[in-house]
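# Reading the structure
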Amino acid sequence: MFEKENAIDKNVKVVFYGNSITWNWRRFYPEFFKDNEGYVCRGISGQVTAQMLARFRSDVINLHPKYVVILAGTNDIAMNQGYVSIDHIFENIVSMCELAKANGIKPVLCSVLPADRYSWSWEIDKERAVKSIRELNNKLREYATENKFPYADYFSEMVDDKHALKKEYQQDAVHPNKEGYLVMEKVIQKIFKKLYDQGDIYKSEYEGLYCTPCESFWTESQLVDGKCPDCGREVIDSKEEAYFLRLSKYQDKLVEYFEQNPDFIQPVSRKNEMLNNFIKPGLQDLCVSRSSFKWGVPVSFDDKHVIYVWIDALSNYITFPGFDIDGNHGELYNKYWPANVHLIGKD
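Because the structure is predicted, anything quoted here is derived from the model rather than measured. (Residues numbered from 1 in each chain as written. Predicted model: local features only at pLDDT ≥ 70, side-chain atom pairs only at ≥ 80, totals over all residues. Heavy atoms only, no water.)

Extensive coverage of strand β3 (residues 67–71) is indicated by the burial of five of its five residues. In β3, alternate side chains face the same way, and those of Y67, V69 and L71 on one face and V68 and I70 on the other are all buried. Here strand β1 (residues 14–18) pairs with β3 via five bridges, running parallel. Bridge pairing links G18 to L71 in β3. Looking at chain direction, β3 and strand β4 (residues 106–110) are connected through four bridges and run parallel. Paired with Y67 across the strands is K106, a residue of β4. (Buried < 20%, exposed > 50% of the residue type's maximum accessible area, 1.4 Å probe, protein only. Helix = DSSP H or I, 4+ residues; strand = E, 2+ residues; numbered from the N terminus. Pairing = 2+ DSSP bridges.)

In this section: helix α7 (residues 86–102). Across its 17 residues, α7 extends 24 Å between first and last C-alpha, which sits within 8% of the 24 Å expected from 1.5 Å per residue. Looking one or two residues past α7, G104 carries a phi angle of roughly 75°, positive in sign. (Expected span 1.5 Å × (residues − 1).)

All right, on to unusual backbone geometry then. What you tend to see is this: most non-glycine residues have negative phi, and most peptide bonds are trans. A cis amide bond links Q266 with the next residue in sequence, P267, at an omega value of 0°. Look at the link from W337 to P338: it is a cis peptide, with omega at 5°. Checked against the element boundaries, P338 lands in the segment after α14 (331–336). The backbone of N11 shows a phi angle near 55°, a positive value even though the residue is not glycine. Take N11: it is sitting in the loop between α1 (3–8) and β1.

Right, let's talk about the packing of helix α11 (residues 251–260) against helix α12 (residues 268–279) for a bit. With their axes 11 Å apart at the nearest point, α11 and α12 run at an angle of 160° to one another. Compared by their axis directions, α11 and α12 come out roughly antiparallel. Crossing geometry of α11 relative to α12 is assigned as left-handed. For the pair α11 and α12, the contacting residues are Q251, L254, V255 and F258 in the first and M274, L275 and I279 in the second. (Axes fitted to C-alpha atoms, helices over the stretch in contact; angles between N-to-C directions. Parallel < 35°, antiparallel > 145°, perpendicular 65-115°, else oblique. Left-handed = near helix turned anticlockwise from the far one by under 90°. Contact = heavy atoms within 4.5 Å.)

This next bit is on the pairing of β1. By the criterion of burial, β1 is predominantly enclosed, with five of the five residues buried. Two strands pair when backbone bridges link them, and β1 and strand β2 (residues 39–43) are joined in this way by five bridges, in the parallel orientation. Note on β2: the bridge partner recorded for G18 is G43.

Ordered by their spatial adjacency, three strands build an open sheet running β10-β12-β11, and the pairing between neighbours is antiparallel. Looking at which strands have only one partner, the edges of the open sheet turn out to be β10 (289–290) and β11 (298–299). As defined by bridge partners, β11 adjoins strand β12 (residues 302–307) across two bridges and the pair is classed as antiparallel. Across the sheet, P298 pairs through a bridge with V306, a residue of β12.

What follows is about the sheet that holds β4. Across a sheet, strands are paired by hydrogen bonds formed along the backbone, either parallel or antiparallel in direction. Overall, parallel pairing links the five strands, which are arranged β2-β1-β3-β4-β5 in an open sheet. With one partner strand each, in any of the chains shown, β2 and β5 (151–152) form the two edges of the open sheet. Of the strand pairs in this sheet, β4 and β5 are connected by two bridges, and their pairing is parallel. Residue C110 lies in a different strand from β5, and its bridge partner there is A152. Each of β1, β2 and β3 is contacted by helix α2 (residues 20–28), which is oriented at about 135° to β2, the strand it contacts most.

Before going further, it helps to examine the environment of V48. Residue placement: V48 occurs in the loop between β2 and α4 (49–54). On the basis of relative accessible area, V48 is assigned to the buried category, the value being 7%. Counting along the chain gives 16 residues from V48 to F32, while the straight-line C-alpha distance between them is 25 Å. With residues near it in sequence (within four places) discarded, V48 still touches N75, D76, N80 and Q81.

Further remarks concern α12. Compared with an ideal rise of 1.5 Å per residue, which puts 12 residues at 16 Å, α12 spans 15 Å between its outermost C-alpha atoms and is within 8% of the ideal. Buried within α12 are the following residues: K271, L275 and I279. Along the axis of α12, the buried residues cluster in a sector spanning 45°; they form a single face. Contacts made by the buried residues of α12 are with α11. (Arc of directions from axis to C-beta.)

Below, the structure written as C-alpha cells:
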C-alpha cells in the first residue's frame, strides 16, 4: 500500500504505525503530519498485529526513522482474522519492538484505546472487549516500563465511566475524532506549562557534545571511544537554547527528607549513593526541551521548542491513574496515589 510513499519519503524521523486508528489520524488531523517535519503515517485499516509484523521491514525499518510509534491490538481483540490470545497479540507487538531496537529505532508503545463494543464483530460482547483491552494494556505498560520505552497512555485519558471511548472523542465506539487525537498532546502541554508558571522551568542554553544523526547531547563520560554511544558516529561541540527543570531548587528539601525518613530509600547502599554521589555534591538542573528540531510535543508557550521525551514519560506515573492538572483527579488516582512502594531498576 505504501510502496510509492516509501520511495518518496526521505529524512523520516517518526513513523506512526498501526491500523485504521493511525490511518484516520492523517485523515482527520493532517496538520499534525504537515506541521511536524519527518512525521509519516503508516496505518492500514483492519490489520491485526500479525499483518503489521509482516510489513514492519518495508514500512518502518527501511525508512530508517529515529522512532516508531506502535498502536496495535484492537483488531486482534475484535477477531478480524479469527481468535488470537492476548499473549499472542502481546508477543507480536514485542517482536515489532525488538525489530525496531535491533535496527537502531526507538519504539514508542501506545495503549489500546478504550472500546466497549466492536460493531463489526458480534461475537465480542462488552465484558470481553473491556477485559481484553485492559489485560493487553497492562502487559504493554509493564513491558514498556521494564525496557524503558516511552508509553503513550491514550486509554486513561479517553475512557469514560462505562469503560467506553468518551463520546466527545468518538467517531464511533472504536475510532477517535480529531479531538481524540489531540488529547495526549494537550495533557502533556498543561503539565509542562504549570511547571513553568511555578518557576520550576526556565530558559537557558544547553552546551555539550552533540551527535547530529541521533539529535542527542552526550557528556564526555557517556561516549564510547570518543563517539556517540548509540550510533558510533563522531560528536561535535554544540550549543542550543533550551528550557531546564530547576532540580537544584529541591536539593536541601530532598536531603532533609531522606535524613528524617531513613527507610524511604532501600537498600541503604542506594540511599547513600543517591545522597553522596548525586544530591549533596549539587543537583544539576535538567534539560526538558529542544529547539533544534520540530518533532515532538510542542511547548504551548514557546513554539520554537518541543518537550524533551523524558519529562513526557515521567508524567505517565500520575496521568495513568487519572491525574488532572486542575485538580479533578480520577478515581484510581485518589485511590492509589501517592504510591507506597516504587521499584527502580539501576542502569
